[in-house]
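Chains, contacts and geometry: an overview
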Number of protein chains: 2
Amino acid sequence: MTESGDVDLLGALAYAELTAFLRMAEDASQLAPNLTDRAELGSLAVAEYGHFVLLRDRLAELGADPESAMAPFAEAFDSWHELTKPGDWLQALVKAYVGLGIALDFYREAARHLEPSIAPLVEEVLADQERSEFVVDRVRAALADDPTQAGRLALWARRLVGEGLSQAQQVAASRPQLAQLLADADQADIARLFAQLTEEHGKRMAALGI
Amino acid sequence: MTESGDVDLLGALAYAELTAFLRMAEDASQLAPNLTDRAELGSLAVAEYGHFVLLRDRLAELGADPESAMAPFAEAFDSWHELTKPGDWLQALVKAYVGLGIALDFYREAARHLEPSIAPLVEEVLADQERSEFVVDRVRAALADDPTQAGRLALWARRLVGEGLSQAQQVAASRPQLAQLLADADQADIARLFAQLTEEHGKRMAALGI
């Protein structure tokens, strides 16, 4: 484990949270069908901001400049969001759920690899997981009304993951220390990580009913 | 004082806060020149969401449906935001500062007219006022760099207020109970309210240096 890898991982998560907050707020503003749903997705967005603050403060404690730590990852996350702009409310919900789920998988992975002092932060983030349960309710209700939406949303979820992997590959290529930290430089570990992410993603799709 | 007027006022403030949160997040995402500033405006946006939650809960305590209470004001606030989309970061900062300032003036007015139980809520909102001080720093620094920006920003601030008054007139016409609540049906009170809003706005412009 290298300190530079730690800062990279925290910086990447911090930028992911800051951007998720802002993009989710944008989706809530532009796509929510009513004020209650707008407030619900808004609440999820605010929780992401809370995670960002935890990560930023942790970076500062480590003596790192948060802006410099986040900067190398801005382009990848921004590109992902640009390539996966939701076209409607259901797509926004699926994106929030899939994105949050993958982020939480990464937090768990980070907890395995980073210094133990990150554990409370990861605990706090994971405790927020249940906030996204309203998404499951909304998507399942929409599919009960119109089951033909399932295929479209399943394709959408696959695109979210596909574009994410494409960005992740570019990040891994440009930040070898980060890739090494997550994978312990072991091909078997990389395979395990991908298998686990895929499995967790599959469980989330099943929860949504798509 | 009518209960319907109370619900109207809380509903209008709740929608104003929810929308300010989402629009500020959008501006932070699209216009901030760096990640630190993006996080700063994001933090202000999150504070607005906190106010929204206080108001929504207060409405529910009063037995009102928050969505129904907010709905009559959605068009006016949405129109105002559409008509005052910031074109750059400085405009976004001035909009956040002016909008927050006017909202706080209305909270003070609400505290004068509404049942005493709203007082703690108003206290909590007013305590957040200092969060917007970073805006003053940023705008003054920008004007120190380039004093020619002052005229443009002063015009922008005037437009923000002008479009706001225009929307407020339409709301007052369609919600006489709200207008009556704020003005006690007394022309002198209306004149006083406008004079006070104008005076406070003038102080904020002086603080920004425009």
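Refer to the structure presented above.
Overview of the structure. (Residues numbered from 1 in each chain as written. Chains lettered and ligands numbered in written order. Predicted model: local features only at pLDDT ≥ 70, side-chain atom pairs only at ≥ 80, totals over all residues. Heavy atoms only, no water.)

To continue, consider the packing of aromatic side chains. Counted under the stated rule, the structure contains seven aromatic pairs over all chains. Consider the rings of A:Tyr15 and A:Phe77, whose centres lie 6.2 Å apart with planes at 45°: the pair is tilted. Of this pair, A:Tyr15 sits in helix H1 (residues 3-31) while A:Phe77 sits in helix H3 (residues 66-83), and the two are 62 residues apart along the sequence. Exposure remark for A:Phe77: the relative accessible area of 26% places this residue in the partly exposed category. Through a chain of ring-to-ring contacts, the aromatic side chains of A:Phe21, A:Tyr49, A:Phe52, B:Phe21, B:Tyr49 and B:Phe52 assemble into a single cluster. The cationic tip of A:Lys95 hangs over the ring face of A:Trp80; the distance from NZ or CZ to the ring centre is 5.0 Å. (Phe/Tyr/Trp six-rings, centres within 6.5 Å; stacked < 30°, edge-to-face > 60°. Helix = DSSP H or I, 4+ residues; strand = E, 2+ residues; numbered from the N terminus. Buried < 20%, exposed > 50% of the residue type's maximum accessible area, 1.4 Å probe, protein only. Lys NZ or Arg CZ within 6 Å of the ring centre and 35° of its normal.)

Time to look at the interface of chain A and chain B. Taken together, the contacts link 25 residues of chain A with 25 residues of chain B. Summing the contributions of chain A and of chain B, the shared interface buries around 2,000 Å²; its carbon and sulfur component is 66%. Of all residues in chain A, A:Leu22, A:Leu35 and A:Glu67 bury the most surface against chain B, accounting for 29% of the area lost on that side. Where chain A touches chain B, the interface holds zero salt bridges. Linking chain A with chain B are 12 residue pairs in polar contact (both at pLDDT 80 or more), by the criterion used here. (Contact = heavy atoms within 4.5 Å. Buried area = accessible area lost by both parts, 1.4 Å probe. Salt bridge = Lys/Arg side-chain N within 4 Å of Asp/Glu carboxyl O. Polar contact = N/O pair within 3.5 Å; in protein donor to acceptor, adjacent residues only side chain to side chain.)

Before going further, it helps to examine the side chain of A:Asp27. Residue and element names in this part refer to chain A. In this structure, Asp-27 sits in helix H1. No salt bridge forms around the buried Asp-27; measuring N to O, its nearest opposite-charge neighbour Lys-95 is 5.1 Å away. Not counting chain neighbours up to four residues away, the residues in contact with Asp-27 comprise Ala-32, Leu-41, Pro-86 and Ala-92. (Lys, Arg positive; Asp, Glu negative; His and termini not counted.)

In this section: the relation of the copies chain A and chain B. Note on the copies: chain A fits chain B at an RMSD of 0.0 Å, the axial shift is 0.0 Å, and the rotation between them is 180°. Within this description, the copies of the chain are treated as partners about a two-fold rotation axis. Take the interface residues of chain A: 100% of them recur as interface residues in chain B, which is what a same-surface contact looks like. (Least-squares fit on C-alpha atoms with pLDDT ≥ 70 in both.)

Residue and element names in this part refer to chain B. At a closest axis distance of 10 Å, the pairing of helix H2 (residues 35-61) and helix H5 (residues 119-127) adopts a crossing angle of 170°. When the axes of H2 and H5 are compared, the pair comes out roughly antiparallel. Taken together, the residues of H5 that come into contact with H2 (itself represented by His-51, Leu-54, Leu-55 and Arg-58) are Leu-121, Glu-124 and Val-125. (Axes fitted to C-alpha atoms, helices over the stretch in contact; angles between N-to-C directions. Parallel < 35°, antiparallel > 145°, perpendicular 65-115°, else oblique.)

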